[in-house]
Amino acid sequence: MPTDVIMPQMGESIFEGTITKWLKKLGDTVERDEPLFEISTDKVDAEIPSPEAGVLTEILVGEGATVEVNTVVAVIGEAGDGVAAPAADSQSSQALVEEPAGVKPQQAFVQASVPAQVGRVRSSPLARRIAKEHGIDLGRIMGTGAGGRIGKEDVLRVAAQMPVQKSAPPQVAAPDLSSLPTEPVPLTRMRAIIAERMVESVRTSPHVYTVYRVDMTRIVRLREQHRAAFEQRHGVKLTYMPFIAAAAVAALRRFPIVNASLESGPKDESAGLAIRYHRNINLGIAVALEGGLIVPVIRQAEHQSFAAIARSITDLALRARTKKLLPDEVGGSTFTLTNAGAFGGEFGMPILNQPESAILAVGGLRKEPAVLTDPDGNDSIAIRSMQYFCLGFDHRLIDGADGGKFMLEFKKTLENWDTEIG
């Protein structure tokens, strides 16, 4: 019997979705749970899997169309049900499920202890994508899934063991201006939502900023000292973000007003606003995507170990870029970190992620001359690893003194780090 493919409800408050891309075309063979199409909602962009194995016999909603949840958007049938799958298409779709062993990506990483598999390698779409990004030969990986199927964890385990290769930054050719569109190009749904939210945030909150310069030399040395062992033990690379996130959490616990938000209060109050103190720190981590950004959330970060925060940052960023986030993972943050220095900027002045009352922008890390004073009051100049951090906050709720106390605690935690890395 044919199976209807419906627009899923991606969260309780989501009532519609936009199909941004069909990953299969009419007549293609699809496996159960294989990505079928991409959608965009107010909360998340995601790949929607096929509910059954079969052939895509009907596409009822085209790319760019927005429909209500539970709307039938396609039909999965059997071969011969109206649309026959051409042999060439069938082979190409099969290649999405299984990859020939021995065909190595460029700069393939080989586990010498694992012989190359003969025939086809069973692997998940996400595992193949990660393997391609890291140049890993799937034929050299022993899968731990059912029937030896290679999953995300199998590839990440191998990736963590790969030697770090330094290469020159890619040379990007300047775009040919004559090839750009001559007519205005409509905003994508994601870009339109971002535009709406940014204007709303600026209109709602009086933004104030304070910038602090933090000596990260101790963190740089600790990271270099523990990096190899940490990656071996936890399967993720040790970056600077877990240190910054943990320091932010420590400061938020000391000054909960920075983790609070404003909301409508009792009608009999003249101000019409009330303070909502959050008992948990739900830490938002801004992730840049092609054509936009998204803010996945580490929930109850105050209860997470350093290693758990590091794993969460890596996992959420990866799944954000591969459209694997769930709706509950992109809402409900109480404080956000955004990496404004990823491209070398000194610091950024970010817009609040409503309804939060504060956001911290991470600046670029660089070596600078600094004046050091010893216990006897003698000054000297030394080369230190310095980084700028900019706290943006809602002045209706947080005063400059509150913002300054928070940043001083954040700075002290990083410069005098004494937390177990694990």
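The structure presented is a predicted model; accordingly, all values stated were derived computationally and were not measured.

This brings us to the overall build of the chain. A count of helical and extended segments in the chain gives eight helices and 20 strands. Within the chain, counting contacts between residues at least 6 apart in sequence, those at least 24 apart form 64% of the total. For the chain, the accessible surface area stands at approximately 22,800 Å², while carbon and sulfur atoms represent 53% of it.

With that settled, consider the nonpolar core. By size, the foremost hydrophobic cluster in this structure holds 77 residues, and its most contacted members are Val73, Phe335, Leu337, Phe389, Phe410 and Leu414. Examining the composition of this core, we find that 10 residues originate from one element, helix H6 (residues 241–254), more than from any other. In this structure Leu414 touches Val214, Met216, Ile219, Phe243, Ile244, Ala247 and Phe389, once residues within four positions along its chain are discounted. Listed in part, the 12 residues of the second largest apolar core include Ala127, Leu138, Ile141 and Val155.

Quick look at unusual backbone geometry now. Working note: non-glycine residues mostly have negative phi, and peptide bonds are mostly trans. Here the residue pair Gln354 and Pro355 is connected by a cis peptide bond, since its omega of 5° sits within 30 degrees of zero. In this fold, Pro355 is placed in the loop between strand E18 (335–338) and strand E19 (358–373). Although it is not a glycine, Asn70 adopts a positive phi angle of roughly 75°. Following the sequence through the fold, Asn70 ends up in the loop between strand E7 (66–68) and strand E8 (72–77). When its relative accessible area of 52% is taken as the criterion, Asn70 is described as exposed. Phi at Gln300 takes a positive value of approximately 50°, unusual for a residue other than glycine. With respect to the helices, strands and loops of the structure, Gln300 is situated in the loop between strand E17 (297–298) and helix H7 (306–321). With a relative accessible area of 38%, Gln300 lands in the partly exposed category.

Okay, the environment of Pro2 next. Along the chain, Pro2 falls in the segment before strand E1 (3–6). What makes Pro2 exposed here is its relative accessible area of 53%. A sequence separation of 54 residues divides Pro2 from Leu56, and the C-alpha atoms of the two residues are 9.8 Å apart. Beyond its immediate chain neighbours, meaning those up to four positions away, Pro2 contacts Val75, Ile76 and Gly77.

This part takes up the packing of aromatic side chains. Applying the stated criterion to the full structure yields eight aromatic pairs. Here the aromatic rings of Phe230 and Phe306 are separated by 6.0 Å at their centres, their planes lie at 75°, and the arrangement is edge-to-face. One end of the pair, Phe230, is in helix H5 (residues 217–234); the other, Phe306, is in helix H7, with 76 residues separating them in the sequence. According to the relative accessible area criterion, Phe230 is buried, its value standing at 0%. Ring plane angle 65° and centroid distance 5.1 Å describe the contact between Phe243 and Trp417, whose orientation is recorded as edge-to-face. Pair noted here: Phe243 is in helix H6 and Trp417 is in the segment after helix H8 (400–415), with a separation of 174 residues, a long-range link. Among the aromatic residues, those joined into a ring-pair cluster are Phe230, Phe243, Phe306 and Trp417. If you follow Arg223 out to its NZ or CZ, it ends over the ring of Tyr240, 4.7 Å from the centre.

Time to look at a nonpolar patch on the surface. The grouping of Val211, Phe347 and Met349 at the surface amounts to a nonpolar patch, some 270 Å² of accessible area in total. Tracing the chain through its elements places Phe347 in the loop between E18 and E19.

As a further point, take the pattern of salt bridges. As enumerated under the stated definition, the model contains 16 salt bridges in all. The salt bridge partner of Glu47 is Lys324, with a shortest N-O separation of 2.8 Å. Highlighted residues: Glu47 in strand E5 (residues 45–49) and Lys324 in the loop between H7 and E18, separated in sequence by 277 residues. Judged by its relative accessible area of 11%, Glu47 is buried.

Time to look at H5. With 18 residues, H5 extends 24 Å from end C-alpha to end C-alpha; this agrees with the ideal 26 Å at 1.5 Å per step. The largest bend in H5 comes to about 55°, at His226. Among all positions in H5, only Thr217, Ile219, Leu222, Arg223, Phe230, Glu231 and His234 are buried. Looking at the residues trailing H5, positive phi occurs at Gly235, about 75°.

A word on the sheet that holds strand E4 (residues 35–40). Paired through backbone hydrogen bonds, the strands of a sheet run either parallel or antiparallel to each other. Strand order in this open sheet of four strands is E5-E4-E2-E7, and the pairing throughout is antiparallel. What marks the edges here is a single partner per strand, and that holds for E5 and E7. In this sheet, neighbouring strand axes are inclined to one another by 40° on average, regardless of whether the strands run parallel or antiparallel. Pairing of strand E2 (residues 16–22) with E7, which is carried by three bridges, proceeds in the antiparallel orientation. Across the sheet, Gly17 pairs through a bridge with Val67, a residue of E7.

Criteria and thresholds
- Residues numbered from 1 in each chain as written.
- Predicted model: local features only at pLDDT ≥ 70, side-chain atom pairs only at ≥ 80, totals over all residues.
- Heavy atoms only, no water.
- Helix = DSSP H or I, 4+ residues; strand = E, 2+ residues; numbered from the N terminus.
- Contact = heavy atoms within 4.5 Å.
- Areas by Shrake-Rupley, 256 points an atom, 1.4 Å probe, with all protein chains shown as cover.
- Core = buried A, V, L, I, M, F, W, Y, C linked by side-chain atoms within 4.5 Å.
- Buried < 20%, exposed > 50% of the residue type's maximum accessible area, 1.4 Å probe, protein only.
- Phe/Tyr/Trp six-rings, centres within 6.5 Å; stacked < 30°, edge-to-face > 60°.
- Lys NZ or Arg CZ within 6 Å of the ring centre and 35° of its normal.
- Patch = residues over 30% accessible without salt bridge, like charges linked within 9 Å, V, L, I, M, F, W, Y side chains within 5 Å.
- Salt bridge = Lys/Arg side-chain N within 4 Å of Asp/Glu carboxyl O.
- Expected span 1.5 Å × (residues − 1).
- Bend = angle between axes of the 7 residues up to and from the residue.
- Pairing = 2+ DSSP bridges.
- Axes fitted to C-alpha atoms, helices over the stretch in contact; angles between N-to-C directions.

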